[in-house]
Amino acid sequence: MVETIWEMAEEQAEHLFYDSEIEPLIQKILIQKGITSIDEMHEFLSPKPRKTYDPFLMKNMAEIVQEVIRAIEAQKNIWIYGDYDVDGISGTSLLYKVLKKIGFKVLVYIPTRDEGYGLHEEVIIKAANNGVKLIVTIDCGITALEEIYLASSYQIDTIITDHHEPLSELPKALAILNPKVKDSGYPFRDLAGVGVVFKLIQALHKHFSYQRDLGEEIEYLDLVALGTIADIVPLVGENRVFVKYGLEIMPKTKNVGMKALLKECGLEG
């Protein structure tokens, strides 16, 4: 006889009932949702979730920060290549704001839906003609093997920030930030694209915030929450923290675009 999910949840919950203040019925429901330890349950039920991770746990993060330092010393032009959905646009906006504050000359390209998802060869050629030496992708690029190779042929370095599933072969980029890459080192694999960008922002803050006024990290969470919700990633773990505190600061956001969205939705103030 095949066990139902509920029966399996009851079996898993039996040893927890005596170790927690959480009601047994609530435990069973949470186990069905894949939350199986007491610590995870308390975090999920908490009105003030705190579970976040050091951005430098993500593979290549330290190398990318060093590359940004070298790029600013060499006065490189940076081209941020985003995606056209809410996740991609919010991540692009987030990185643009911070790189401008650091002191970069930043160009932005977001393809239209008609152009289609991902890196495009003609845009890479356009970047080369504009003297771009570093492209940073947002919410795309993890499967762009040929396009990244083309960029390197024009002596353009590429940093990929993405959250989509990789292929068996990775692009030959300068560095890749993606929690789904094998041996990424990052404990939470379900970040949205904007969440990956926010981890990069946290890493950049550790180096640059004492040199320049980059603002508080939390002030960027309105954009992180917007992209995270819109991309329908699981609202657990770090995503839940981003959304919880991002929604709290949205009513007093300083972002002009966010203010316009709130007004259009009848949620101003």
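Residues numbered from 1 in each chain as written. Predicted model: local features only at pLDDT ≥ 70, side-chain atom pairs only at ≥ 80, totals over all residues. Heavy atoms only, no water.

In this section: the packing of aromatic side chains. Tallied over the full model, the rule gives 4 aromatic pairs. Ring plane angle 80 degrees and centroid distance 5.8 Å describe the contact between Y53 and Y186, whose orientation is recorded as edge-to-face. You can see Y53 sitting in the loop between α3 (38-45) and α4 (61-73) and its partner Y186 sitting in the loop between β5 (175-177) and α8 (193-208), a full 133 residues away along the chain. Accessibility expressed as a relative area gives 21% for Y53, which makes it partly exposed. Overall, Y186 belongs to the buried group, its relative accessible area being 7%. With a centroid separation of 6.2 Å and 40 degrees between ring planes, the pair formed by W79 and Y109 is classed as tilted. With a gap of 30 residues between them, W79 in strand β1 (residues 77-81) and Y109 in strand β2 (residues 105-109) connect regions that are remote in the sequence. For Y109, a relative accessible area of 16% gives the class buried. One aromatic cluster is present, built from ring pairs that chain together W79, Y81 and Y109. One cation-aromatic arrangement involves R240 over F44; the distance from NZ or CZ to the ring centre is 5.1 Å. (Phe/Tyr/Trp six-rings, centres within 6.5 Å; stacked < 30°, edge-to-face > 60°. Helix = DSSP H or I, 4+ residues; strand = E, 2+ residues; numbered from the N terminus. Buried < 20%, exposed > 50% of the residue type's maximum accessible area, 1.4 Å probe, protein only. Lys NZ or Arg CZ within 6 Å of the ring centre and 35° of its normal.)

The next thing to look at is empty space enclosed by the protein. Counting across every chain of the model gives 1 cavity of 30 Å³ or more. What the largest cavity holds in volume is close to 60 Å³. Lining of the largest cavity is provided by I64, V68, I78, L95, L99, L134, V136, I159 and L200. If you list the elements that add at least two residues to the lining of the largest cavity, you get α4, α5 (86-102) and β3 (134-138). (1 Å grid on protein atoms, 1.4 Å probe; cavity = no way out; pocket = protein on both sides within 12 Å on 5 of 7 lines; lining within 4 Å. Points joined across faces, edges and corners; volume = space filled by probe spheres on them.)

In this fold, D222 is placed in helix α9 (residues 221-230). A distance of 2.4 Å separates the side chain of D222 from the side chain of T253, its partner in a polar contact. Ignoring any residue separated from it by four or fewer positions in sequence, one finds D222 in contact with G246, I249, M250, T253, N255 and M258. (Polar contact = N/O pair within 3.5 Å; in protein donor to acceptor, adjacent residues only side chain to side chain. Contact = heavy atoms within 4.5 Å.)

This next bit is on the environment of R50. Looking at the secondary structure, you find R50 in the loop between α3 and α4. Aside from chain neighbours lying at most four places away, what touches R50 is E43, V241 and Y245.

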